[in-house]
Amino acid sequence: HLRFSNLNVTGNGTAAPQGGLIFTSHVVHHIEVLGGSYSNCGAAGTCHGIYFSGDDSLFDGVTMSGNGYLGMQLWGSGSSDGAARNIVRNCLISDNLQGGLAVNGADDLIYNNIIKGAGANSGIVVGYARGANDSIFNNTIYGNIPHGIVVGTYGTPTSGTLIKNNIISNNSGYAILNDDEGSGS
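In this report, the structure presented in the accompanying data block is examined. Only a predicted model underlies this, so the values are computations on that prediction, with no experimental measurement involved. (Residues numbered from 1 in each chain as written. Predicted model: local features only at pLDDT ≥ 70, side-chain atom pairs only at ≥ 80, totals over all residues. Heavy atoms only, no water.)

Some thoughts on the sheet that holds strand S19 (residues 162-164)
Thought 1: Across the sheet, seven strands lie side by side as S1-S4-S7-S10-S13-S16-S19; this open sheet has parallel pairing. Of all strands in the sheet, those with a lone pairing partner are strand S1 (2-5) and S19, marking the two edges. Neighbour to neighbour, the strand axes of the sheet diverge by 5° on average, direction disregarded.
Thought 2: Sheet topology places strand S4 (residues 31-34) next to strand S7 (residues 58-60); three bridges connect them, and they run parallel. Its bridge partner lying in S7, Leu 34 is registered against Asp 60. (Pairing = 2+ DSSP bridges. Helix = DSSP H or I, 4+ residues; strand = E, 2+ residues; numbered from the N terminus. Axes fitted to C-alpha atoms, helices over the stretch in contact; angles between N-to-C directions.)

Pasting the structure below:
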């Protein structure tokens with residue numbers, strides 16, 4: 001069990017490996033990232049504020065802004081269910097060049113966040129390569145390009161996604177786009 005509390009990681013706007021806080025092993029679990037800021041990591045098209053490939057972890061009250069790619073990516077490439085059972089809550093994810101938050105996993109909870117100003121890849125994308133039973137609720141999502149929330153991408157089946165009680169406005173595309181061939185979204 002590891003806890004990172006109130007770390008402030010600021011990049012210099014040039015390319016760097018992956019981003020501000022990086023966990024790339026699917027065997028990582030029970031990590032807590034509480035407060036702090038992961039900002040301006042990487043040039044355009046590179047680097048996330050947080051890149052996480054583990055399970056059963058908590059991200060609470062974190063700011064991820066101005067990063068060259070995504071504010072945060074939950075990506076479980078080595079696990080059959082992706083990055084699973086993670087919680088992202090009370091976070092500010094803003095003005096990241098390629099997108100806000102990408103979720104590739106199962107049973108993740110995304111709630112009470114502000115996600116705004118994401119460019120190119122939408123505010124929240126669920127099911128990048130797989131996904132099941134993720135819940136997205138009580139978020140404020142606005143000013144993103146193109147969409148607020150995208151479920152399923154590139155024809156990838158995503159099932160059981162729950163989206164409720166979100167405030168979604170002023171995105172250049174759809175509030176919610178179901179780009180999914182799965183069921184239950």
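Side note on the side chain of Ser 94
Thought 1: By secondary structure assignment, the location of Ser 94 is in strand S11 (residues 92-94).
Thought 2: Setting aside residues no more than four positions away along its own chain, Ser 94 makes contact with Met 64, Ser 65, Gly 66 and Lys 116. (Contact = heavy atoms within 4.5 Å.)

What about the sheet that holds strand S5 (residues 37-39)?
Thought 1: Across the sheet, seven strands lie side by side as S2-S5-S8-S11-S14-S17-S20; this open sheet has parallel pairing. Among the strands making up the open sheet, the edge pair consists of strand S2 (8-10) and strand S20 (167-169). Looking at each pair of strands side by side, their axes are set apart by 5° on average, direction ignored.
Thought 2: Across three bridges, S5 lies against strand S8 (residues 63-65) in parallel orientation. In the sheet register, Ser 39 faces S8, and the bridge partner there is Ser 65.

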